Each structure stands twice: as C-alpha cells, then as structure tokens.
Amino acid sequence: MRKGIMMFAGGFLAAALLAGPGKADPGSDVNTKIERIYELLYPLQGAKSPAPGLPPSYTANRVEAFRIMRTLPEENQEELKTLFLPAIPLDCLESTTYPLRSCYNTEAQIPAAQAVLSYAEASWALEIDEFGFWAPTTVDSSGATSPGMNFYLGDTRSIGASGYTSPEEEDLSTPRGDCVSYIVIDEQMRVEDVAEWKSVVGHEFNHGCQMAMDCFETITSMEGTATWVMPYIVPGD
C-alpha cells in the first residue's frame, strides 16, 4: 500500500527546486515528473477537463500532481511537500454541529466564511448522514488525523475554478491509500449567489469524502460521483 506525506503552499520556482539537494540529472524522469507537477499546480490557461464529457477541474490537477509526487524519491517528495499545504488564514469559524472549519483572510470575508460553513454543514448532513459517504479527514499540528474538513477562502479564479479540493497528505493511520484533504472556495463569489455557493461547497465536499476512501481512485470516477450529488444539493438547479 502506498503511503507517504505530501502537502500545499505555493511559490517556489521549479528551477530553484531542481537545483537543490538531491536533484536528479538533467533530462531524467524525475525532472520530467517535477515539471509536470508544476504544470498541473500552476496551469497557464486554467484547469483542464479530467475526462471527455466532464467540466474542467482543478481538483483533478491537484490529485494528479499528488499522485505523481508519490512516485518520486523521498528526497524529492520532501522538497515538494509544501506545495500541498493550505495557506495560513487570519482566523476560522467552527461548526457546533460537525467537525467543520471555515477560514477567512480578512474580517471583511467573515460573512462569506459564515455562508461556507452553513453550506458545509448542509453537505455533511446530506452526503454523510443521509447518503453514507465516509467523512473526510483533517490533520492537526501533531500529525494526528480525525474526521473533519477545513474550508479556506482564496484565489481560485486565476486557475479557472470556483473552488477545489486538494490532498494534503496521506493518512498513515489506516491501511488504505486515503488522504487528508482541504477545500478552497472562490473568495470573490458573492454571498447572494446561494445556489452557486451550495453547489460548489457540496461538490468539493464530496471530493473530500472520496479522498478519505481512496485517494488513488480514477479522476473520472471522482468527478462523476461529485457531479452526481449536485442535483440533491441544489434540487431543480
């Protein structure tokens, strides 16, 4: 069973990374894979469709990048792991009903964070309590994992998405190939666009549930399942 640790953040240049400790010879398979990871995480023309008939998905980009990461030598994985860490927010709101957190970067974003938290609670009630999906997983500063999901408001429009779910690291506490994950929601979405908020939050939340079951499931299956739940999240939309 494949196990390891990967995470998000952003900002390193590929050239600098390749020049660091443990770099492979120029033109090697390792360098090719690292270049592909950066292409997926920082697409110049937005996210691409994971399969024919499905809409573009930056979640698919991040999952594929994560999987490629898993095939690299440990020293390269260590150099790249910060690419999968979430950004550090100003603060977070916590649900009193479910293990959910909605984080914001400025006080002006608090109403949006409240909306995300409300829709996340509704998604948990529908997808986990009613439909029986497995709860997503979070990890604390000590490395301990537990059921839950952290949402972050952030820039998703620059990569052509309304939101995305990202693997953060593999859950080493289980024998499965499952992942800890987090969700980023478009910080520019208007609070009054209720149907869009519900749809995006619910769709991405389903990806988190999927990653808690199998982080190496096919992209087509992951997107197809998350799309299947959407009419139940926003009936008639």
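Basis of the calculations
Residues numbered from 1 in each chain as written. Predicted model: local features only at pLDDT ≥ 70, side-chain atom pairs only at ≥ 80, totals over all residues. Heavy atoms only, no water. Pairing = 2+ DSSP bridges. Helix = DSSP H or I, 4+ residues; strand = E, 2+ residues; numbered from the N terminus. Axes fitted to C-alpha atoms, helices over the stretch in contact; angles between N-to-C directions. Disulfide = S-S within 2.5 Å. Buried < 20%, exposed > 50% of the residue type's maximum accessible area, 1.4 Å probe, protein only. Parallel < 35°, antiparallel > 145°, perpendicular 65-115°, else oblique. Left-handed = near helix turned anticlockwise from the far one by under 90°. Contact = heavy atoms within 4.5 Å. Core = buried A, V, L, I, M, F, W, Y, C linked by side-chain atoms within 4.5 Å. Phe/Tyr/Trp six-rings, centres within 6.5 Å; stacked < 30°, edge-to-face > 60°.

Moving on, we get to the sheet that holds strand S5 (residues 149–154). Here five strands make up an open sheet; going across it, the order is S1-S2-S5-S7-S6 and the pairing mixed. The open sheet has two free edges, formed respectively by strand S1 (91–94) and strand S6 (163–170), since each of these has just one partner strand. Adjacent strand axes in the sheet meet at a mean angle of 25° when their direction is disregarded. The sheet contact formed by S6 and strand S7 (residues 179–186) spans seven bridges and is antiparallel. In the strand pairing of S7, Glu169 is matched with Val180.

Glancing now at the state of the cysteines. Tallied over the entire structure, the rule returns two disulfides. Each disulfide pairs two cysteine sulfurs, and for Cys92 the partner residue is Cys103, the sulfurs being separated by 2.0 Å. One quick way to see it: the torsion about the S-S bond of Cys92 and Cys103 is about 100°, and its sign makes the bridge right-handed. With Cys92 in strand S1 and Cys103 in strand S2 (residues 100–104), the pair connects residues that are 11 residues apart, well separated along the chain. This pair shows no difference in class: Cys92 is buried, exactly as Cys103 is. A disulfide bridge connects Cys179 with Cys215, and the sulfur atoms are separated by 2.1 Å.

Once that is clear, we can look at the packing of helix H2 (residues 29–41) against helix H3 (residues 58–70). Close contact between H2 and H3 brings their axes to 8 Å; oriented N to C, the two are set at 160°. Of the possible angle classes, the one that applies to H2 and H3 is roughly antiparallel. Both H2 and H3 take part in a crossing whose hand is left-handed. On H3, the residues touching Lys33, Arg36, Ile37, Leu40 and Leu41 of H2 are Tyr58, Asn61, Arg62, Glu64, Ala65, Ile68 and Met69.

Okay, the nonpolar core next. Membership of the largest hydrophobic core comes to 31 residues, with the highest contact counts inside it found for Ile37, Leu41, Leu80, Leu83 and Phe84. Going through the elements one at a time, H2, H3, S7 and helix H7 (219–228) are the ones with two or more residues in this core. With seven residues, the single largest contributor to this core is H3. Other than its neighbours up to four places away in sequence, Leu41 contacts Tyr58, Arg62, Ala65, Leu83 and Phe84. Listed in part, the 29 residues of the second largest apolar core include Leu100, Ala115, Ile183 and Ile185.

Once that is clear, we can look at the packing of aromatic side chains. Going through the model one piece at a time under the given rule, you end up with 10 aromatic pairs. Aromatic side chains Trp124 and Phe205 sit 5.8 Å apart centroid to centroid with 45° between the ring planes, which places their arrangement in the tilted category. With Trp124 in helix H5 (residues 110–130) and Phe205 in helix H6 (residues 194–213), this pair connects stretches of sequence that are 81 residues apart. Accessibility assignment for this pair places Trp124 and Phe205 in one class, buried. Where Trp228 meets Tyr232, the ring centres are 5.1 Å apart and the plane angle is 50°; that geometry is what we call tilted. Residue classification places Tyr232 among the partly exposed residues on the basis of a relative accessible area of 44%. Through a chain of ring-to-ring contacts, three or more aromatic side chains come together here, namely Phe66, Phe84 and Phe216.

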